[in-house]
Amino acid sequence: MTTAQVTSVVGARPQFVKLAPMARALDRASVRHEIIHTGQHYDDRMSASFFRDLGIAEPSKNLAIGSGSHGAQTGQMLAALDAEFSHNPPAAVLVYGDTNTTVAAALAAAKRQISVIHLEAGLRSSDRAMPEEINRILTDHASDLLLAPTKVAMDHLAREGLQARSRLVGDVMVDACFYAKERVEKNGTELPPEIPSGPFVFCTLHRPVNVDEPRRLTHILNALRLIPMPVVIAAHPRLVAAAERTHVVLTSGNDNIRVVPPLTYLQTVSLLLRAVGIVTDSGGLQKEAFLLGSPCTTVRNTTEWPETLEGGWNVLNNECINLDQDAVRPSPSPVSANPYGQGDAADQAVSAMMQSGLLND
Ligand code: UD1
């Protein structure tokens, strides 16, 4: 059986991480694969460093859309992808996760009657104020094949009437995370000089609801300052820009907070392995902490990854009450179940794609 071309559309940091194992698995299965980058993330540390670190081929096209309001950014991507797909229509477009890039690519393909395959389908936070929640729902309903990472995600899809198009393949972030862990353990990785040699807590914050409003951001920072050890914040550009705009000081220089620029994927995995605990509002980091055995505290009141809450490996603390204690709590007992699969999700995803018939010439 020959396979027609699959085009992956990516644009934001978490998508590059998921693309890496998928590109390798598509290659192993001899599927023709092309990558389009929307340019949603464009700083070297947010984009190119991931392609280098994870050995991903250069995108055949970068649409260089860049930043903007969510609607404007999504609309520009939709128009640019529509033009791309009209010149070079693949058999299927593969979209990842829940960003503005995801929904724009799904819509652009669906409107050209090109099959849409959604990797990491079926996640829900039930919080419609999150831009990602709207992106997830719209993308799932526009897709022809829904590749779900967990049983919980499959249940969400069934509840929305999408069961017939859904397949449980496991989570490609397990593949990516273990690949990076092996590389870090074998070769080490250079870290920024601000990383303490002793115990520390590793923190990331980037959700608009946590960083855009100065009172909320100050509340979180004050809770971080009570943690009895250094807190390394790997600062997403949105956090830095929001703090500057609202005149919130991230660190006085005399407190326990150390701000470092965004890290590469290998550096992130290295810090996850070394940190006493993680404080984050990122979905990906919650799961990577779970996989690498680092207790995580999530500054949100919902999670798309409820499996991480099992045994207390992840706790939700949106109010930041006693965050200083949560952040440095000892590791709970290991959980035996592996809710995210065995690390072969990318191969499972490619098998599901081949079996779907969407890639037949
Ligand atoms: C996006 C995703 C979010 C994901 C996150 C990971 C959406 C709706 N959100 O959020 O789900 O968890 O990526 O990082 O798609 N900026 C730069 N340089 C860059 C990229 C961004 O300076 O390379 C700044 C810009 O000021 C921009 C802001 O960061 O306005 C936000 O970037 P954007 O991609 O719109 O959303 P994220 O907050 O990164």
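The following paragraphs examine the structure supplied in this document. Remember, it's a predicted structure, so these values are computed and weren't measured experimentally.

Rules used in this analysis
- Residues numbered from 1 in each chain as written.
- Predicted model: local features only at pLDDT ≥ 70, side-chain atom pairs only at ≥ 80, totals over all residues.
- Heavy atoms only, no water.
- 1 Å grid on protein atoms, 1.4 Å probe; cavity = no way out; pocket = protein on both sides within 12 Å on 5 of 7 lines; lining within 4 Å.
- Points joined across faces, edges and corners; volume = space filled by probe spheres on them.
- Helix = DSSP H or I, 4+ residues; strand = E, 2+ residues; numbered from the N terminus.
- Nonpolar A, V, L, I, M, F, W, Y, C, P; charged D, E, K, R; others polar.
- Buried < 20%, exposed > 50% of the residue type's maximum accessible area, 1.4 Å probe, protein only.
- Pairing = 2+ DSSP bridges.
- Right-handed = clockwise from strand over helix to strand, strands pointing away.
- Near = heavy atom within 4 Å.
- Polar contact = N/O pair within 3.5 Å; in protein donor to acceptor, adjacent residues only side chain to side chain.
- Areas by Shrake-Rupley, 256 points an atom, 1.4 Å probe, with all protein chains shown as cover.
- Phe/Tyr/Trp six-rings, centres within 6.5 Å; stacked < 30°, edge-to-face > 60°.
- Contact = heavy atoms within 4.5 Å.
- Axes fitted to C-alpha atoms, helices over the stretch in contact; angles between N-to-C directions.

## Quick word on the layout of surface pockets
The gaps of empty space that remain are located by a probe, the size of a water molecule, rolled over the atoms. Estimated volume of the second largest pocket: approximately 250 Å³. Surrounding the second largest pocket, 15 residues form its lining, D127, M130, V209, N210 and R300 being those nearest its centre. For the lining of the second largest pocket, the secondary-structure elements that each account for two or more residues are α5 (131-142) and α8 (208-211). When its residues are assigned to classes, the lining of the second largest pocket shows six nonpolar, four polar and five charged.

## Thoughts on unusual backbone geometry
Phi at H247 takes a positive value of approximately 60°, unusual for a residue other than glycine. On the secondary structure map, H247 appears in the loop between α10 (237-246) and β10 (257-260). Here N322, not a glycine, exhibits a phi torsion of approximately 55°, which is positive. The topology assignment puts N322 in the loop between β13 (314-316) and α13 (323-327).

## Quick word on the pairing of strand β2 (residues 33-37)
β2 sits mainly inside the fold: four of its five residues count as buried. Direction of pairing for strand β1 (residues 6-10) relative to β2: parallel, over a ladder of five bridges. Across the sheet, the residue bridging to V10 is H37, located in β2. In this view, the connection linking β1 to its parallel neighbour β2 by way of helix α1 (residues 13-28) has right-handed handedness. Sheet topology note: the β2/strand β3 (residues 61-62) ladder contains two bridges and is parallel. Bridging across to β3, H37 finds its partner in N62. The parallel pair β2 and β3, bridged by helix α2 (residues 48-53), forms a crossover whose chirality is right-handed.

## Side note on the site of the ligand
What surrounds the ligand is a group of 19 residues, the closest being H41, Y42, E132, H236 and R238. Between Q40 and the ligand, the recorded distance is 2.9 Å, taken from a side-chain N or O atom to an oxygen atom. Interatomic distance of 2.9 Å between a side-chain N/O atom of H206 and an oxygen atom of the ligand. Within the complex, the protein chains bury 87% of what would otherwise be the 750 Å² of accessible surface of the ligand. Contributing elements (two or more residues each) for the shell around the ligand: α1, α3 (70-87), α5 and α10. A class-by-class count of the residues in the shell around the ligand yields four nonpolar, ten polar and five charged.

## Some thoughts on the packing of aromatic side chains
What the rule picks out here adds up to five aromatic pairs. Arranged with centres 5.0 Å apart and planes meeting at 55°, the rings of F16 and F51 form a pair that is tilted. Of this pair, F16 sits in helix α1 while F51 sits in helix α2; the two residues are 35 residues apart in sequence, bridging distant segments of the chain. Here the two residues F16 and F51 agree in accessibility, since each one is buried. Considering the side-chain rings of F50 and Y265, the 6.4 Å spacing of their centres and the 45° angle between planes classify their relative orientation as tilted. In this pair, F50 is assigned in helix α2 and Y265 in helix α11 (residues 265-274), connecting sequence segments 215 residues apart. Each residue in the set F16, F50, F51 and Y265 is aromatic and connected to the rest through ring pairs, giving one cluster.

## As for the sheet that holds β3
Read from one edge to the other, the open sheet built from seven strands follows the order β3-β2-β1-β4-β5-β6-β7, with strand pairing classed as parallel. Strand pairing shows two members of the sheet lacking a second neighbour, β3 and β7 (166-168), which therefore form its edges. As judged from the three bridges shared by strand β6 (residues 145-148) and β7, these two strands associate in the parallel manner. Bridge pairing in β7 places L146 opposite S166. Contacts from α1 reach β1, β2, β4 (92-96) and β5 (115-119), with the element oriented near 140° to β4. Contacts from α3 reach β1, β2, β3 and β4 within the one sheet, and its direction differs from that of β2 by about 155°.

## Remarks on the pairing of strand β9 (residues 231-234)
Judged by which residues are buried, β9 turns out to be covered on both faces: V231 and I233 on one side and V232 and A234 on the other are all buried. As paired elements, strand β8 (residues 201-204) and β9 share three bridges and run parallel to each other. Residue pairing for β9: F202 is matched across the bridge by V232. Pairing of β9 with β10, which is carried by four bridges, proceeds in the parallel orientation. Bridging from a neighbouring strand, V232 pairs with R258 of β10.

## Observations regarding the environment of F85
Of note, F85 is situated in helix α3. Look at F85 and you get buried, because its relative accessible area is 2%. For the pair F85 and R32, spaced 53 residues apart in sequence, the C-alpha to C-alpha distance is 16 Å. Other than its neighbours up to four places away in sequence, F85 contacts V9, I36, P90, V93, A105, A108, A109, R112 and I114.

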